[in-house]
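Structural overview for review
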Amino acid sequence: MSGKHILVAVAWPYASGSRHLGHLAGAYLPADIFARYHRLAGNRVLMVSGSDVHGTPITVRADQEGVEPQVIVDRYHNEFLRNWEELGISWDLYTSTGTDNHREVTWDVFRTLHEHGYIVPKTTQQFYDPEAERFLPDRYVEGTCPHCGYESARGDQCDHCGRQLDPEDLVDPRSRITGATPVMRPTEHYFLRLSAFEDRLLDWLQSRTGWRRHVLNMAIGFTREGLQDRAITRDLTWGIPLPPEFTEIGEGKRIYVWFEAVIGYLSASKEWAQRRGEPDAWQAWWTDPDAESYYFIGKDNIVFHAVIWPCQLMGYGGLNLPTDVPANQYVTFKGEKGSASRGVGRSISWYTERLQPDALRYALAANLPEQNDTDLSDGDIVRRVNEELVATWGNLVNRVLSMTAKNFDGAVPEPGELTDVDRSLLERVDRGLEDEARMIEKVELRAGLRTAMEVAQAVNAYLNATEPWKTAKSDRARTGTVLWTAIQSLAALSVGFEPYLPFSSARLRGMLGLDEPLRWGRLDVAPGTRLGSIEPLFGKLDEDVLTD
RNA sequence: GGCGGCGUAGCUCAGCUGGUGAGAGCGCUCGACUCAUAAUCGAGAGGUCGGCAGUUCGAGUCUGCCCGCCGCUACCA
């Protein structure tokens, strides 16, 4: 547990629209909790991600609004940056796939895989718009669905009956750009030879332990069905171009976004190292076999991170494969999956405008969809905050500090000899932190938070048993010992809650006169320390705070 | 359609390789306390573990079928 290098790799949010609560709960918050814990535990954490600025949805939106894709990208990238700032997502680097560095690293991966024989050109047939003089992505072809007769089905799927389609299945296909009838034309593309990795990948997957059941079975099942070579270039103008020497497949090709977005984990690590003035520093997380890497993603991304990205890494050579891919399921809203495009689930920004960051972090962390889809209503959020966070933890802090202020003139009292109840509470607190640490290390973050809350409950029970408000009238020494014991427990909990509730935990330490930096474990608060001004850690929420 | 996951108390969820009378939080009931953000602490009620069949001395936990929800199905990423 001393000084391991831990890469916390987090899904790259798509700069095509606001992200909603489901994205936050699925990837960004759990990653942040995990990273914050490991920093406290003394490990060297590198937590990276960035905005994914390429891909078809961005160009679709740009076309709809009549602006350049970059306008869309800038708008949402900036919104994401505000979200992370407000919520305290503790990136070591949050960048984007639009940087020169990312292009260079992508080219390096592309060239190396090509050199190793894993990238080859192939010819395919694809729809071409003769008026716009360009090839059409599936989503740009529309027509009548052969299954249900819906007239505006897209080339990739029918929005009416939900079936997967190939564009050539469409009856009466037309271009969404010009309305012209598209024609099939041959086009050449580079393919990644996933088939070459099938056996190696399967062996590796089957040797994984501790992975979530749905993640491992998904990846193994997918691989067992047989890996097919996959196109990694597209006929597009928005995206990373091919390395300049790759001219054999013709003009107008871009690297397909799924191939380069995951490379962002590597390019961001290198960018971080460069900015730090130690260009080779990234290697400690990528080439040292003792380093660990965790990829925080949603369940829709499992194949890309547990199958395709490992293939890319194996083909490149010399880089670490994922230690774990703790993919989360979905947060649903009244049983419905969040969707930025369909307006299900409000944006992260909507919530940060109405809630204290730690309150939102608590409600989400207590509901993380680690095993199942988890339904989260606005009422649940209010309930979690008022009846758990405020009632159990916020109130505990307030009652202890208020009594101390009242009876000991706002200074930490000197303890007398500890009794069995005092000692057993402190042992309970220590054991709680140890249990919590184990759970977080297994990426069981909900359980970790619950463990910390149980410690808070134990402190509440201790106070009810020792009744310092009564002894204050008769036995000042005993009262001082009890409050000292309770204050030590609060200090410990300011560490235990730090990964989940960084803002309020820091405020509490401020009240207790404690300084950073922290380490995982119980902190000592010296007798005589003057308490800062005492104010509630969290405000109780109005029933209708989340009602428009 | 195929593959994977899930379906457990009113609500949100834990239950690893099958084994003393099925768990937690919240809500609810009763009691204690009154320092504290009407907060806290204790006790209790509450479930045919989606349905049917099977394997087993014994299944929430294994097998088959069925129903429902979610994801993937390789041009969303």
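Within every chain, residues take consecutive numbers counted from 1 along the sequence as written. Lettering of chains starts at A and numbering of ligands starts at 1, both following the order in which they are written. Under the rules for a predicted model, residues below a pLDDT of 70 receive no local features and side-chain atom pairs below 80 are neither given nor counted, while totals for whole chains, interfaces and linings still include all residues. Water and hydrogen atoms were dropped before computing side-chain values, which therefore reflect all heavy atoms in the structure.

Notes on the pairing of strand E9 (residues 183–192)
If a strand is regular, its side chains alternate between the two faces of the sheet. Applied cut-off: The pairing criterion for strands is at least two bridges between them, as found by DSSP. Strands here mean DSSP runs of E at least two residues long; helices mean DSSP runs of H or I at least four residues long; both are numbered from the N terminus.
As paired elements, strand E4 (residues 119–129) and E9 share ten bridges and run antiparallel to each other. Residue pairing for E9: Gln125 is matched across the bridge by Pro186. Pairing of E9 with strand E10 (residues 230–231), which is carried by two bridges, proceeds in the antiparallel orientation. Bridge pairing in E10 places Phe191 opposite Ala231.

Some thoughts on the sheet that holds strand E6 (residues 141–144)
The strands that make up a sheet are held in pairs by hydrogen bonds between backbone atoms, and each pair lies either parallel or antiparallel. With antiparallel pairing, three strands are arranged side by side in an open sheet as E7-E6-E8. In the strand order of this sheet, the two ends are held by strand E7 (153–154) and strand E8 (171–175), each with one partner.

Things to note about helix H10 (residues 302–316)
Stated formally: Multiplying one less than the number of residues by 1.5 Å gives the expected span of a helix. To get the bend at any residue, fit one axis to the seven residues that end at it and another to the seven that begin at it, then take the angle between the two axes. Between buried and exposed lies partly exposed: a residue is buried under 20% and exposed over 50% of the maximum accessible area for its type, with that area taken using a 1.4 Å probe on protein chains only.
For H10, with 15 residues, the first-to-last C-alpha span of 20 Å sits near the 21 Å given by 1.5 Å per residue. Ile308 marks where H10 bends most, by close to 30°; the proline Pro310 follows one to four residues later. The element H10 is extensively covered by neighbouring structure, given that 14 of its 15 residues are classed as buried. Within two residues after H10, Gly317 carries a phi angle of roughly 90°, on the positive side.

Topic: unusual backbone geometry
With a phi close to 55°, Glu133 is a non-glycine residue in the positive phi region. With relative accessibility at 61%, the residue Glu133 sits in the exposed group. Of note, the phi angle at Asp172 is positive, near 60°, even though the residue is not glycine. Relative to the elements of secondary structure, Asp172 occurs in strand E8.

Examining the sheet that holds strand E3 (residues 93–96)
As a reminder of what qualifies: Between the N-to-C directions of two axes lies an angle of 0 to 180 degrees, each axis being a line fitted to C-alpha atoms and, for a helix, fitted only over the stretch in contact. Pairs of residues are marked as contacts when any of their non-hydrogen atoms sit within 4.5 Å.
Pairing is parallel across the open sheet formed by four strands, whose spatial order is E3-E2-E1-E14. The strands lining the two open edges of the sheet, one partner per strand, are E3 and strand E14 (292–296). Between one strand and the next, the sheet's axes are offset by a mean angle of 20°, whatever the strand orientation. Pairing between strand E1 (residues 5–10) and strand E2 (residues 44–51): five bridges, direction parallel. When the sheet's bridge partners are listed, Val8 is paired in E2 with Met47. Sitting on the sheet, helix H1 (residues 21–40) is in contact with E1, E2 and E14, with an inclination near 165° to E1.

Overview of the domain arrangement of chain A
Convention followed: Throughout the structure description, domain borders are defined by an automatic or database domain assignment.
What the domain assignment lists for chain A is domain 1 (5–108 + 258–352), domain 2 (116–255) and domain 3 (359–511). Between the C-alpha centres of domain 2 and domain 3 the distance comes to 52 Å.

Concerning the nonpolar core
Going by this rule: Among buried residues, those of type Ala, Val, Leu, Ile, Met, Phe, Trp, Tyr and Cys that are joined through side-chain atoms within 4.5 Å constitute a nonpolar core.
Grouped together as the largest cluster of nonpolar side chains are 167 residues, with contacts concentrated most on Val8, Leu24, Phe259, Trp286 and Trp393. If one sorts the elements of this core by residue count, H1 sits on top with twelve residues. Residues within four places of Val8 in sequence aside, it is in contact with Ala31, Phe34, Ala35, Val45, Leu46, Met47, Val48, Tyr294 and Phe296. Grouped together as the second largest cluster of nonpolar side chains are ten residues, Val60, Leu136, Leu165 and Leu170 included.

Section: the packing of helix H17 (residues 476–496) against helix H18 (residues 502–511)
Applied cut-off: Oblique is the label for any angle not covered by the other classes, which are roughly parallel (under 35 degrees), roughly antiparallel (over 145) and roughly perpendicular (65 to 115). It is the rotation of the near helix from the far one that decides the hand of a crossing: anticlockwise by less than a right angle makes it left-handed, clockwise makes it right-handed. Gly counts as polar in this scheme, as do all residues outside two lists: the nonpolar Ala, Val, Leu, Ile, Met, Phe, Trp, Tyr, Cys and Pro, and the charged Asp, Glu, Lys and Arg.
The geometry of H17 relative to H18 is characterised by a closest axis approach of 9 Å and an angle of 150° between their N-to-C directions. Overall, the two elements H17 and H18 adopt an arrangement that is roughly antiparallel. Considering how the two elements wind past one another, H17 and H18 form a crossing that is left-handed. Seen from H17, the contacting residues are Leu490, Ser494 and Val495; seen from H18, they are Ser505, Leu508 and Arg509. When grouped by side-chain class, the residues that make up the contact of H17 with H18 number three nonpolar, two polar and one charged.

Examining the packing of aromatic side chains
For the record, the criterion: Ring geometry is summarised as follows: Phe, Tyr and Trp rings, the Trp one being its six-membered ring, pair when their centres sit within 6.5 Å, and such pairs are stacked at plane angles under 30 degrees, edge-to-face over 60 and tilted between the two. Criterion for a charge above a ring: Arg CZ or Lys NZ at most 6 Å from the ring centre, at most 35 degrees from the ring normal.
Enumeration over the complete set of coordinates arrives at 26 aromatic pairs. Taken together, a centroid distance of 4.5 Å and an interplanar angle of 40° make the contact between Tyr118 and Phe197 tilted. Separated by 79 residues along the polypeptide, Tyr118 in the loop between helix H4 (100–115) and E4 and Phe197 in the loop between E9 and helix H5 (198–206) bring together distant segments of the chain. What makes Tyr118 buried here is its relative accessible area of 16%. When its relative accessible area of 0% is taken as the criterion, Phe197 is described as buried. Seen in terms of ring centroids, Tyr128 and Phe135 are 5.0 Å apart; in terms of plane orientation they differ by 70°. Their pairing is edge-to-face. For Tyr128, a relative accessible area of 12% gives the class buried. A relative accessible area of 12% places Phe135 in the buried class. Members of the aromatic cluster, joined through ring pairs, are Phe110, Tyr190, Phe246, Tyr256, Trp258, Phe259 and Phe304. In this structure, Arg103 is placed above the aromatic ring of Trp107, and the distance from its NZ or CZ to the ring centre is 5.2 Å.

Considering the packing of helix H15 (residues 445–466) against H17
Running from amino to carboxyl end, H15 crosses H17 at an angle of 170°, the nearest separation of the two axes being 10 Å. When the axis of H15 is compared with that of H17, the two are roughly antiparallel. Residues Ala452, Val455, Ala456, Val459, Tyr462, Leu463 and Thr466 of H15 form the contact with H17, whose own contacting residues are Arg478, Thr481, Val482, Thr485, Ala486, Ser489, Leu493 and Gly496. A breakdown of the residues in the contact of H15 with H17 according to their chemical character gives nine nonpolar, five polar and one charged.

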